[in-house]
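# Inside the fold
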Amino acid sequence: MNNQDVLEMEHAIGYSGRIPKSVLLHPNGYEYICISGASLIVTDIRDAHKQSFLQGHDDKITCLAVSNKGELIASGQRGDNSDVIIWDYNTKRLKFKLSEHDHEVVCLDFSHDDRMLFSSGNPMDKRIFIWDCQTGYIVGSVNHTPEPTNIAKWGGFAKDIKGRDTYKYQFATAGNKQICLWKLDPKTGVFEKEIVNTGNLVREYICMEFSKNREEYLFLGTTSGDFCAFQMKNKFFSHNIVVGALGVLSIKFIDFTRFLVGSGNGTLAQYAISEDNKITPSNKIDLGGGVNSISIMNGGKEGLVATDRGLIYRVQTDSLNKVLHSENHTGGILDLSYPPGVSDRFASASEDGTIRIWDISEYQVIARCQANVQGIPLCLNYRDEVLLSGWQDGKIRMFRSDNGQQIWQIDNAHKGGVTTLCVSNTLKFFCTGGGEGDVRVWEMRTREMVSHLKEHTHKVTKVKLINNETQLLTGSRDRALLQWDLKSEKRVSAHIQRMGGINSFDTIPKSPIVFSTGQDRKITQWDLNQIEAQRSFDTSNNPKIGDECFSISISSSCKYVVTGGSNNSAKLWNLQTGQLIQEGYGHSGSINSVQFAPDDKQILTGGQDGVIIVWNVFV
C-alpha cells in the first residue's frame, strides 16, 4: 500500500508490561521506549502527545535494548521470523535486520562502547550471537552455556592480573542455576569461558547487573526473592540479601555505591555499598505490581520504574517518593465506548479485570472501575455520569464515571456471562445479551427484568435499539439477525446469514439499513424490510488469509465504516462503493473492538495485545 492508503496512528496506549525491561529510558533523559505488541513506541516524558512508532516486526517483540550513547535501539521477536532489528534512533529507521535465530530471541544487550550487540535465542534455538553494530556482521557465535541461557550482561573490558583493561570484551550469562563468565577477542571472534563456582548456593537467576566501579561485582536477582553478589577479581561469592517475595526482577545502579532492586511483590528497595564492602538497605516502597523495568534519569536523581500491572512511575532515588506517570491495561481490550456526542473521553474494558475512563487531551486515566471480586468486564456503555457494564460472572454493574465507584449490581443477569448491552437515551431502560442466547430488557430505576426474549441458540454478540427505541436488533453466533418489537415482546423479522455466526453489526440511523460482519469474513448489507441480503463484500483481498472481523462501526456521517478483526489491522471502507480506503497496522493481536469518534475525526481500536490505538481520519 502507498502512504495515502495507511491510517495515521495518533497515539498508542499500552505496553507489554509482563516482559522484563519492556520500558527503557533513552540516554537523552526525556524520552522512553516501550514494547507494545509488535511495535516499539517512543514517548516524550514531558508531553504524551509526542510519540513515534518503530514498526518492522511481524510478531510479538520479546526483548529490547538501548545503546549507552542512545544512537541505536535493538529489538528481538518470537515466531517464524525471529529476527533482531537494530534501529537508528535519530532517524527512527531500520538499520540492520539480523536473521540468524529460530523460534524466539530472549535476550539483547549492547556492550559498554556500543560496538557489540549480544543476542541469545530460546532453549529450542540454543545459540548466542555477537554482532558488530557498525557493519551488522557476526563477530562470533557459540552455543548456550549454561543451557539454557536466560539472561546476559556485558561488563566492559576484561581485566588483567593487575586490574588493567585488556582489549578483550567480557560478559556474563546465566541460566539453569549456573553463571558463566566470558571473554571475547573482537578481532578473531574467539571465546574463552569460565563457570563461576557458586558453592552451596543453588538459585534460579532472572536478572543481572555489573557494578559501576569498574565491574568489581556482578549482581544477580533470583526467583527466591533475594539477590547475590560475586566479586569479579577472585570470582567468589560475597553477599546474599533477601528483598521480597515473587523473585527479584530488576537491579539498576544509580551511581558507584547505590543501586535499586525491584521484586515481584511490588517492593522497590535501595541499597548502598560501604567502603568496607558491606551492602546495607537504606529505603523501600511498595509499587503494587512486579517491578520489572528500572531506568535512571536526571543524573541519578530520578528513576523511571515500570510494573507488570501496567503502571509507570517516576521515583526520586534518594527519598523514593513516587509519582504515577502513566497507566495502561495489561490484558486484551474487549470493548470500547464513547459517551454520546463526546469525542475527548472514552472508556475501555479489559481482560485484566478493570474498566478505565480516559481523557484524550492528556491521555490520562480519569477513573478506574473494578469489581470487588476478581472478574472480567465483557462489554460496557459509557454515559456522561454513569457507566454500565456486563461481566463474565453474569452480573451487570453500574459505576460512577467521575471516581469509578460502584453504584449497584444485578446478580445472575445471564448464565453464560453478559456479552453485550445497550442503554436507552432516556436512561429509563437497558437491554442485555448473554452467552447462552438470552436477550433481556431491564428497567433502570427498579433494576427489574421487564421482558425476556429467547430465540437465539448461541452467544448474543450485539444488541442495539432502533426506530425511536421501540424496537431492538440482536445479532448472534447462531447466524441470525433478529428484530424485536419491545411493546409486544415479539419478533418482527429474522435475517439469517448463510455461513458462520454474526460477530457485530451497526445501523444507519433513521433507516432500515444494517451492516453486519462475522465468521463468513464478509461485510453484509441488509434491509430490515427485505428477507435477502442486499450485497456483501470480502474483508480481505486474499481469500486464503481471510480477515474475520470482530467489530464494526459506522461513522456519524454514514459515509464510512471501520472494521477490526483477526488480521490485526484496522480497515476503513467506503460505504457506498464497498472499497477499502485505508488500513492501519499497529496491533500484534486480533482487534476486538473498533469505534468511530462522534465527530468522525478519530477511530479507536482495542486489541487482544492489550493496546488501544487512536487513529486520525483524513478522508
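Everything that follows concerns the structure shown earlier in this document.
Described below are features of the structure shown in this document. It should be emphasised that the depicted structure is a prediction, and the values quoted were computed from it without experimental measurement. (Residues numbered from 1 in each chain as written. Predicted model: local features only at pLDDT ≥ 70, side-chain atom pairs only at ≥ 80, totals over all residues. Heavy atoms only, no water.)

### Regarding the overall build of the protein chain
Defined as follows: Secondary structure elements follow DSSP: runs of H or I of four or more residues count as helices, runs of E of two or more count as strands, with numbering from the N terminus. Only C-alpha atoms enter the radius of gyration, while the globule expectation follows 2.2 Å times N to the 0.38, with N the number of residues. A 1.4 Å probe rolled over the protein chains alone gives each residue an accessible area, and that area as a share of the maximum for its type sets the label: buried under 20%, exposed over 50%, partly exposed in between.
When you go through the protein chain residue by residue, the secondary structure sums to zero helices and 56 strands. What you see for the protein chain is a C-alpha radius of gyration of 27 Å, in line with the 25 Å of a compact globule of 619 residues. By principal-axis analysis of the C-alpha atoms, the protein chain measures approximately 95 × 50 × 40 Å. Taken across its 619 residues, the protein chain has 59% of its residues classed as buried.

### Points about the sheet that holds strand 36 (residues 396-400)
Think of a sheet as strands paired side by side through backbone hydrogen bonds, with each pair either parallel or antiparallel. Convention followed: Any two strands with at least two DSSP-identified bridges between them are counted as paired. Geometry is summarised by axes, namely lines fitted to C-alpha atoms with helices restricted to the contacting stretch, and by angles between N-to-C directions that run from 0 to 180 degrees.
Here we have four strands laid out as an open sheet, ordered 34-35-36-37, and antiparallel in their pairing. Two strands lie at the open edges of the sheet, namely strand 34 (377-382) and strand 37 (406-410), each paired on one side alone. Direction aside, neighbouring strands of the sheet carry axes that sit 20° apart on average. Two strands pair when backbone bridges link them, and strand 36 and strand 37 are joined in this way by four bridges, in the antiparallel orientation. What sits directly across from isoleucine 396, in strand 37, is isoleucine 410.

### Points about the side chain of asparagine 616
The following threshold applies: Throughout this description, a polar contact denotes any pair of N or O atoms lying within 3.5 Å of each other; where both atoms belong to protein, one of them has to be capable of donating a hydrogen while the other can accept it, and for residues adjacent in sequence the pair is counted only when both atoms sit in side chains. We call two residues in contact whenever any of their non-hydrogen atoms come within 4.5 Å of each other.
Relative to the helices and strands, asparagine 616 resides in strand 56 (residues 612-616). At 3.2 Å, the side chain of asparagine 616 and the side chain of glutamine 602 are in polar contact. Sequence-distant contacts of asparagine 616, defined by excluding residues within four places in its chain, comprise Leu7, Glu8, Glu10, Lys601 and Gln602.

### A few points about the sheet that holds strand 7 (residues 72-77)
Spatially, the four strands line up as an open sheet ordered 6-7-8-9, and their pairing is antiparallel. Each of the sheet's edge strands pairs with one partner strand only, and the pair in question is strand 6 (61-66) and strand 9 (93-98). Each neighbouring strand pair of the sheet contributes to a mean axis angle of 20°, computed without reference to strand direction. Note: strand 6 against strand 7, five bridges, orientation antiparallel. Paired with alanine 65 across the bridge in strand 7 is alanine 74.

### Points about the nonpolar core
The condition that has to hold: As used in this record, nonpolar core signifies buried Ala, Val, Leu, Ile, Met, Phe, Trp, Tyr and Cys residues forming a set joined through side-chain atoms within 4.5 Å.
Judged by nonpolar contacts, the single largest core of 26 residues is most densely connected at Val23, Tyr32, Leu304 and Leu572. The greatest single-element share of this core, amounting to three residues, is contributed by strand 54 (residues 591-596). Not counting residues within four places of it along the chain, the set of residues in contact with leucine 572 comprises Leu7, Tyr560, Val561, Val562, Gln579, Leu580, Ile581, Gln582, Phe596, Ile603, Val617 and Val619. Counting 16 residues, the second largest nonpolar core, distinct from the first, contains Ala229, Ile241, Tyr271 and Ile273.

### Some words on the pairing of strand 42 (residues 460-466)
The buried fraction of strand 42 amounts to six of the seven residues, a majority that puts the element mostly inside the structure. Bridge count for strand 42 against strand 43 (residues 471-476) is six bridges, and the pairing is antiparallel. Counted as the bridge partner of valine 460 is serine 476 from strand 43. The hairpin turn running from strand 42 into strand 43, its antiparallel successor, is four residues long, and asparagine 467 in that turn takes a positive phi close to 50°.

### Points about the pairing of strand 12 (residues 127-132)
Along any regular strand the residues' side chains alternate between the sheet's two faces. For strand 12, a buried count of five out of six residues is recorded, marking the element as mostly surrounded by other parts of the structure. Looking at chain direction, strand 11 (residues 116-121) and strand 12 are connected through five bridges and run antiparallel. Looking at strand 12, one finds that serine 120 is bridged to isoleucine 128. Pairing of strand 12 with strand 13 (residues 138-143) involves five bridges; the strand directions are antiparallel. Looking across to strand 13, one finds that arginine 127 is bridged to asparagine 143. Connecting the antiparallel pair strand 12 and strand 13 is a turn made up of five residues, with glycine 136 showing a positive phi of about 80°.

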